[in-house]
Amino acid sequence: MPLGLRRKKKFNTKETSRLVEGEHTDAAVRSLPSPPAPARRLVFHTQLAHGSATGRVENFSSIQELYAKIAGVFEIPPSEILYCTLNTPKVDMGKLLGTQIGLEDFIFAHIKGIKKEVNVYKSEDSLGLTITDNGAGYAFIKRIKDDSIIDSVKTICVGDHIEAINGENIVGWRHFDVAKKLKELKKEELFTLTLIEPKKAFDMEPRSKAGKSSTGKIGTGRETLRLRSKGPATVEEVPSEAKEKAIGKVDDLLELYMGIRDTDLATTMFEAGKDKGNPDEFAVALDETLGDFAFPDEFVFDVWGVIGDAKQE
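Because the structure is predicted, anything quoted here is derived from the model rather than measured.

What counts, and at which threshold
- Residues numbered from 1 in each chain as written.
- Predicted model: local features only at pLDDT ≥ 70, side-chain atom pairs only at ≥ 80, totals over all residues.
- Heavy atoms only, no water.
- Helix = DSSP H or I, 4+ residues; strand = E, 2+ residues; numbered from the N terminus.
- Buried < 20%, exposed > 50% of the residue type's maximum accessible area, 1.4 Å probe, protein only.
- Contact = heavy atoms within 4.5 Å.
- Axes fitted to C-alpha atoms, helices over the stretch in contact; angles between N-to-C directions.
- Parallel < 35°, antiparallel > 145°, perpendicular 65-115°, else oblique.
- Nonpolar A, V, L, I, M, F, W, Y, C, P; charged D, E, K, R; others polar.
- Core = buried A, V, L, I, M, F, W, Y, C linked by side-chain atoms within 4.5 Å.
- Pairing = 2+ DSSP bridges.
- Salt bridge = Lys/Arg side-chain N within 4 Å of Asp/Glu carboxyl O.
- Expected span 1.5 Å × (residues − 1).
- Polar contact = N/O pair within 3.5 Å; in protein donor to acceptor, adjacent residues only side chain to side chain.
- pLDDT = per-residue confidence, 0-100.
- Phe/Tyr/Trp six-rings, centres within 6.5 Å; stacked < 30°, edge-to-face > 60°.

(A) Structural view of the overall build of the protein. Of regular secondary structure, the protein possesses seven helices and 12 strands. Here the protein holds 313 residues, and 42% of them are scored as buried. Considering only intrachain contacts with a sequence separation of at least 6, the fraction spanning at least 24 residues in the protein is 60%.

This is how it looks when you write it as structure tokens:
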């Protein structure tokens, strides 16, 4: 390329200079970015599950921030909140609040109730428990298998928060660490669980300040607010049927390979792989996002297969 080809040319006359300057000015005006759209204000209604007036929460990006907002509305410590359910005040593990909230969802906060200590004799290797956590340090019982050891102890209920095992406080543990602790307990021995029930009330119907049912328009939104442990929350479309099915299959694989069930973790894994082109890229993404888990290669390939099937659908 000849030297000087990219040098600016000198204008021969003042008129030409002004003309070109005017053209540049017009172009600059035309290329000015349009003003940003106003930020969308997302407001959610909330009640205490055992009964309260209706409050409003907004401007949160994580579970911890949401609990703090709800606690501020009802003037209670955030540590009193065990977990939240969507659109029902009942202890319904199918309605647990995870990382996504529909824009029309109504949030019910379950707070600490009665504390109890229960002795359990571990006559078999499996206790029949499925454990999850609230994302803020509280593990609790999500499911009890029929005819299992725990099922025979009627004072242990779905929704109970596990505060301690044999006197060892486990607040702050993730659910898979709690499950591992229980699995490692010796067979044919007695152990003690310290549990906290969610507070209950006789009137389980939601009440609002206006005295009308607050469930009339619940669950009609087609968008969700996705909460993140790092970074701001984002508004996303409701997951497709194929995606929901895939996340359920990943959850099944988690139970098969890792001995845990965690819909939030399964969702994170699906999100990490949905835009990847091959299993190697997916494995790298998992290491970056969830490196602490050290997933076996067979598990990673199986999950990749599930994600591939969802893409085809």
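From this point, the narrative continues.
(B) Highlighting the packing of helix α5 (residues 263–273) against helix α7 (residues 297–312). Interaxial distance between α5 and α7 falls to 10 Å at its minimum, and their mutual angle equals 70 degrees. The angle between α5 and α7 places the two elements in the roughly perpendicular class. Every residue of α7 that contacts α5 at Met-269, Phe-270 and Gly-273 is listed here: Phe-299, Val-303, Trp-304, Ile-307, Ala-310 and Lys-311. Looking at the contact of α5 with α7 residue by residue, the classes come out as seven nonpolar, one polar and one charged.

(C) Representation of the nonpolar core. Within the largest apolar cluster, 26 residues are counted, with the highest numbers of intra-cluster contacts made by Ile-70, Ile-81 and Ile-107. Elements with a minimum of two residues in this core: β1 (43–48), α2 (63–74), β3 (81–86) and β5 (107–122). The biggest single contributor to this core is α2, with six residues. Here Ile-107 is in contact with Phe-44, His-45, Thr-46, Gln-47, Leu-66, Ile-70, Cys-84, Thr-85, Leu-86, Leu-97 and Ile-101, once residues within four sequence places are set aside.

(D) Quick peek at the pairing of strand β10 (residues 189–198). Burial analysis of β10 places seven of its 10 residues in the buried class, the great majority of the element. Sheet topology places strand β8 (residues 161–165) next to β10; four bridges connect them, and they run antiparallel. Residue pairing in the sheet places Ile-162 in a bridge with Leu-195 of β10.

(E) Main features of the pattern of salt bridges. Considering all chains together, one arrives at 10 salt bridges under this definition. Residues Glu-271 and Lys-274 are paired through a salt bridge, measuring 2.7 Å at the closest nitrogen-oxygen approach. On the basis of relative accessible area, Glu-271 is assigned to the buried category, the value being 17%. Among the charged side chains, a salt-bridge network with shared partners connects Lys-116, Asp-160, Glu-197 and Lys-200.

(F) Structural view of helix α4 (residues 241–258). Taking 1.5 Å as the rise per residue, α4 with 18 residues should run 26 Å; its terminal C-alpha atoms sit 25 Å apart, in good agreement. Those residues of α4 that fall on the buried side of the exposure criterion are Ala-242, Lys-243, Ala-246, Ile-247, Val-250, Asp-251, Leu-253 and Leu-254. On its buried face, α4 is in contact with α5 and α7.

(G) Local environment of the side chain of Thr-88. Its place among the elements puts Thr-88 in the loop between β3 and β4 (100–102). Thr-88 sits in the buried class, given a relative accessible area of 13%. In this structure the side chain of Thr-88 is engaged in a polar contact, spanning 3.2 Å, whose partner is the backbone nitrogen of Lys-90. What Thr-88 contacts, discounting residues up to four positions off in sequence, is Lys-95, Phe-108 and His-110.

(H) Spotlight on the confidence of the model for the protein. Mean pLDDT over the protein stands at 78; residues scoring 70 or higher make up 74%. This stretch, residues 1–29, has a pLDDT under 50; its non-local contacts, to residues over four places away or in other chains, come to four contacts.

(I) Structural view of the packing of aromatic side chains. One pass over the structure, following the stated rule, counts five aromatic pairs. Pairing Phe-295 with Phe-299 gives two aromatic rings, centres 5.0 Å apart and planes at 35 degrees, and the pair type is tilted. Given a relative accessible area of 12%, Phe-295 falls into the buried group. Residue classification places Phe-299 among the buried positions, given a relative accessible area of 0%.

(J) Structural context of the pairing of β5. Examined bridge by bridge, β1 and β5 share three bridges and lie parallel to one another. Pairing of Thr-46 across the sheet is with Ile-107, part of β5. Here five bridges tie β3 to β5, and the two strands are oriented antiparallel to one another. The residue of β5 that forms the bridge with Cys-84 is Ala-109. Sheet topology note: the β5/β10 ladder contains nine bridges and is antiparallel. Bridging from a neighbouring strand, Lys-112 pairs with Pro-198 of β10.

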